[in-house]
Amino acid sequence: MKKKLKLKTWVWVLLVLILFGSIGTYAGIKIYKNYQYEQTYEYKLQNIGYSKEETEKILNVFTTDEERNFFLNNQKEQKYLDFLNEPYFLKEHFQEYLDYAINNSKLTTKEVVRNINIHLDHPFYDDLGLKTDVSKDYLMLVNKYYLLDGTYAPDDLVVIPQTYAWGEAGSRSCRKVAFDAFEEMWQGAKEAGYYLMISSAYRTYQDQETIYNNYKENRGRKYADSIAARPGSSEHQTGLALDIFSKANSNQATFKDTPEANWLKDNAYKYGFILRYPEDKVDLTGYNFEAWHYRYIGVEAATYCYEHSLTFEEYYAYFLEK
Ligand SMILES: [Zn+2]
């Protein structure tokens, strides 16, 4: 009887020990897990005021410790999130956006992102060490920051037949991919009742040099820059740019008001061309409005630019410059 009772006590003691042991272990794990969670960026970011969604967004975009610590080393700022929410935000420019925004407080977040993306924080022709990446083929960017050198010439030029071009027979040529697209577009315009005509197409580096230097020698660099591209910065050297007018009107001053100009503006993208220097983008392209200057960039890119009202500079920065 005494022995049985002793055993019972033993069982009770054991049970109590197991119980406390379990609670202890459970609490320990819980504390440890909590501690672990408190070491995460997720916890730390929410701890300084970012919501769950904002935290997720930051962590999705910024993946290294260095990038993430920026947010922890600074107080929560709405402007960080505003930049992140911009559709063409590029994280490699994040610090530049912030610096530029401070010095350009009148610009919207969208304008800050756009300007930095396309280098507008620098004056045109500033030497940024940028060159046209010709490996991008018909998506190569040529402008006042990205220049071609004197040796670049396309190797698939085709002569534009007299049906489509002003000037002497055989005097106009462009890259085959652009010509094929133009022919289709010409047909489309014809069906709409219009007769398109090309006045200028491929130009060599040396052609452009002559044009530019003539202006420069006669009226100075400032005037030359306002009217012509410096050698290497003309899209015509790519063989992908066409100056398109109509048979009825090849006048630079009045072409913009013709039905042909309107038809081109709203239909060229279907064939892979964009109006390269639109009236409302002069500040971005650095070129006055040219109702006749079309650039082949392929249907996909042209459609995107048309639908989102983007210059090729903006498209290139976001989708192609990697
Ligand atoms: Zn042109």
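Scoring rules and cut-offs
- Residues numbered from 1 in each chain as written.
- Predicted model: local features only at pLDDT ≥ 70, side-chain atom pairs only at ≥ 80, totals over all residues.
- Helix = DSSP H or I, 4+ residues; strand = E, 2+ residues; numbered from the N terminus.
- Rg over C-alpha atoms; globule rule 2.2 N^0.38 Å.
- Buried ≥ 20, exposed ≤ 12 C-beta atoms within 10 Å, placed from the backbone.
- Contact = placed C-beta atoms within 7 Å.
- Pairing = 2+ DSSP bridges.
- Axes fitted to C-alpha atoms, helices over the stretch in contact; angles between N-to-C directions.
- Domains from an automatic or database assignment.
- Left-handed = near helix turned anticlockwise from the far one by under 90°.
- Nonpolar A, V, L, I, M, F, W, Y, C, P; charged D, E, K, R; others polar.
- Core = buried A, V, L, I, M, F, W, Y, C linked by C-beta atoms within 7 Å.

(A) Quick peek at the overall build of the protein. Check the secondary structure of the protein and you find 13 helices and 6 strands. For the protein, the C-alpha radius of gyration of 32 Å lies well beyond 20 Å, the compact-globule estimate for 322 residues. If you line up the protein on its principal axes, its C-alpha atoms span 125 × 45 × 35 Å. Across the 322 residues of the protein, 28% fall into the buried class. Long-range contacts, defined as pairs at least 24 residues apart, comprise 61% of the intrachain contacts of the protein with a sequence gap of at least 6.

(B) Structural detail: the pairing of strand β6 (residues 293–296). With burial as the criterion, each face of β6 is covered, one bearing His 293 and Arg 295 and the other bearing Tyr 294 and Tyr 296. Direction of pairing for strand β4 (residues 241–246) relative to β6: antiparallel, over a ladder of 3 bridges. Looking at β6, one finds that Asp 243 is bridged to His 293. Here strand β5 (residues 273–275) pairs with β6 via 3 bridges, running antiparallel. In the sheet register, Phe 273 faces β6, and the bridge partner there is Tyr 296.

(C) Region of interest: the environment of Thr 238. Summarising the element assignment, Thr 238 is placed in the loop between α9 (205–227) and β4. In this structure, the C-alpha to C-alpha distance between Thr 238 and Ala 153, residues 85 residues apart in sequence, is 7.1 Å. Residue contacts for Thr 238: discarding those within four places in its chain leaves Met 140, Val 142 and Pro 154.

(D) Spatial organisation of the sheet that holds β6. Taken in spatial order, the 4 strands make up an open sheet running β3-β4-β6-β5, and their pairing is antiparallel. Edge strands, defined here as strands with exactly one partner in the open sheet, are β3 (196–200) and β5. Strand after strand, the sheet turns through a mean of 45° between neighbouring axes, direction not considered. Each of β3, β4, β5 and β6 touches helix α8 (residues 176–191); the most contacted strand, β6, lies at about 125° to it.

(E) Focus on the domain arrangement of the protein. Each assigned domain of the protein is listed here: domain 1 (77–117) and domain 2 (134–320). The centre of domain 1, based on its C-alpha atoms, is set 31 Å off from the matching centre of domain 2.

(F) Expanded view of the environment of Asp 283. Here Asp 283 is to be found in helix α11 (residues 282–285). Overall, the presence of 8 C-beta atoms within 10 Å leaves Asp 283 in the exposed class.

(G) Region of interest: the packing of helix α6 (residues 94–103) against helix α7 (residues 109–117). Running from N to C, α6 and α7 point in directions that differ by 120°, and their axes come no closer than 9 Å. Between α6 and α7 lies a crossing whose hand is right-handed. In this structure, α6 uses Glu 96, Tyr 97, Tyr 100 and Ala 101 to contact α7, whose residues at the interface are Val 112, Val 113, Asn 115 and Ile 116. The class makeup of the residues in the contact of α6 with α7 is 6 nonpolar, 1 polar and 1 charged.

(H) Geometry of the nonpolar core. By size, the foremost hydrophobic cluster in this structure holds 46 residues, and its most contacted members are Ala 178, Leu 242, Ile 244, Ala 268, Phe 273, Ile 274 and Tyr 294. At the level of elements, α8, β3, β4, β5, β6, α12 (299–308) and α13 (312–320) are the ones that each hand at least two residues to this core. Considering every element that reaches this core, the biggest residue donor is α8, with 6 residues. Apart from residues no more than four positions distant in its own chain, Ile 244 is found in contact with Leu 196, Ile 198, Leu 264, Trp 292 and Tyr 294. Counting residues in hydrophobic clusters, the runner-up holds 6 residues, among them Phe 83, Tyr 97, Val 112 and Val 113.

(I) Just unusual backbone geometry, in detail. The residue Tyr 125 is not glycine, and still its phi comes out positive at about 70°. Checked against the element boundaries, Tyr 125 lands in the loop between α7 and β1 (157–159). Unusually for a residue other than glycine, Asp 137 sits at a positive phi of about 55°. On the secondary structure map, Asp 137 appears in the loop between α7 and β1.

(J) Highlighting the pairing of β4. Where burial is concerned, most of β4 is hidden: 5 out of the 6 residues are buried. Judged from the 4 bridges that link them, β3 and β4 form a sheet pairing that is antiparallel. Bridge pairing links Ser 200 to Asp 243 in β4.

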